[in-house]
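Fold and contact review
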Amino acid sequence: MRVEQRQVKDQPLTVIVEYPEYDRTVDNLLKKIRNMNISFTGKTDGKTVSIDVSDIYYIESVDRKIFLYSRSDVYRYDGSMSDIDGAIVDTDLVRISRTCFMNVSHLKEIMQIKNSHLEALLDNDEKLIVSRKYLKDIKKIFRRKLL
Amino acid sequence: MRRVLRDTCILAALMILTVFSFSIAGVGLTDEIKLVFQLFGLALILSVTNYVFDEITQLSMLAGYIVKYFVVTGIVIVFGFIVGWFFPSNFWMAFIYVGVIAAIIYALDSVKTENDIDEINEMVKRSNKEEVRFKSLGQRRGWKVLLVLLAAMVILCAASAAGYFGITGEYKNYFLDGLAVTGPAAVILTAVLISYLAVYFARSKNNPK
């Protein structure tokens, strides 16, 4: 794959992908580029900020309130879990329980702990409970990533 | 393989339903046909219960299976009384039937979950370009679960056989029922354990520990 870059002043950031044939690699690349544009709007300390999907570690619903967690910060999100469900198609976020979405790009390991609960360890050492029935969705994302 | 087995079961179920539905027109609603439809009815109720249970609870795997065991047994007993499978003296057999099936499903689910976790952890390592290390048998959990359940099933099977051959009278048949349930369960668990170990040793030859 040849990578070229050039500065074009007074123009928005533009990515042009040229390919001899549209195949899975191209499809994967385009999805990754499009995912860079997906972000969520969260609130912290009265300020509204935009957070890239790649910066989100996990999203959790606590007492019907939704929180976005980055490596070290927490943001309040004003949407619903079904809004998130619709927005995360083709991203690295996946539902891991009824109340939580995890970004698999920050996953370090999944472990079966003593009381036979499943636990996901993230690269910031946060631990999340994973429901067994969502393991196949996590595998699906990795298969797509590793294509 | 799993998909082929699942599709085979679905196809067999559809064939049974179709054949028996046509048979009603020819021979009427015989006891056998009634039993088949009752079993399908019970399977539908249990599937819906299982789905609802998984949606509303977040229990650990073992706790989930224990709670489901009592819920499902309760449903089977109530259903069995309604359709006339059980009498007041032998309803407790439902605990054994459901228990044996639950033990087999739990064993298979444990192995599947362990495989899923290993596969995900391998994929995490590959996507981070880290070396993938193969887990030794001592670090694995699936075969231990299978072995414990197999031992329990063999003990129950031996107790049923001893009871059947050791006593006379009306309770003899209960031990025969016990033998008919625990015997095949022990065979299934042995087959799963052998295939688990066979897959492990085949994979361990090609992977560094």
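**Focus on the overall build of chain B**
- Each helix and strand counted, chain B has 6 helices and 0 strands in total.
- Taken from N to C terminus, the helices and strands of chain B fall in the order α-α-α-α-α-α.
- Dimensions along the principal axes, computed over C-alpha positions, put chain B at roughly 65 × 45 × 35 Å.
- Out of the 209 residues belonging to chain B, those deemed buried represent 30%.
- About 12,800 Å² of surface is accessible on chain B, with carbon and sulfur atoms providing 71% of the total.

**Observations regarding the sheet that holds strand β9 (residues 118-122) of chain A**
Residues and elements named next belong to chain A.
- In space, the 3 strands of this open sheet follow the order β8-β9-β10, with antiparallel pairing throughout. Edge positions in the open sheet fall to β8 (107-112) and β10 (127-130), since each of these has one partner strand only. Going across the sheet, the axis of each strand differs from the next one's by a mean of 25°, ignoring polarity.
- By the bridge criterion, 5 bridges tie β8 to β9 in an arrangement that is antiparallel. Paired with Ile 110 across the bridge in β9 is Ala 120.
- Against the sheet, helix α3 (residues 135-146) engages β8, β9 and β10, with an angle of about 150° to β8.

**Some remarks on the environment of Leu135(A)**
- Position of Leu135(A) among the secondary structure elements: in helix α3.
- On the basis of relative accessible area, Leu135(A) is assigned to the buried category, the value being 1%.
- Expressed as a C-alpha distance, the spacing of Leu135(A) and Arg95(A), which sit 40 residues apart in the sequence, is 9.4 Å.
- Non-local contacts of Leu135(A), meaning those with residues more than four positions away in its chain, are made with Ile110(A), Leu118(A), Val130(A), Thr113(B), Asp116(B), Ile117(B) and Ile120(B).

**Points about the sheet that holds strand β2 (residues 47-52) of chain A**
All names here are of chain A.
- With antiparallel pairing, 7 strands are arranged side by side in an open sheet as β2-β1-β5-β4-β3-β7-β6. Strand pairing shows two members of the sheet lacking a second neighbour, β2 and β6 (93-97), which therefore form its edges. Within this sheet the neighbouring strands show an average axis-to-axis angle of 35°, counted without direction.
- Two elements, strand β3 (residues 58-62) and strand β7 (residues 100-103), share 3 bridges in a ladder whose sense is antiparallel. Bridge pairing in β7 places Tyr 58 opposite Met 102.
- Where α3 meets the sheet, its contacts fall on β6 and β7, and the angle it forms with β6 comes to roughly 160°.

The rules behind each value
Residues numbered from 1 in each chain as written. Chains lettered and ligands numbered in written order. Predicted model: local features only at pLDDT ≥ 70, side-chain atom pairs only at ≥ 80, totals over all residues. Heavy atoms only, no water. Helix = DSSP H or I, 4+ residues; strand = E, 2+ residues; numbered from the N terminus. Buried < 20%, exposed > 50% of the residue type's maximum accessible area, 1.4 Å probe, protein only. Areas by Shrake-Rupley, 256 points an atom, 1.4 Å probe, with all protein chains shown as cover. Pairing = 2+ DSSP bridges. Axes fitted to C-alpha atoms, helices over the stretch in contact; angles between N-to-C directions. Contact = heavy atoms within 4.5 Å.

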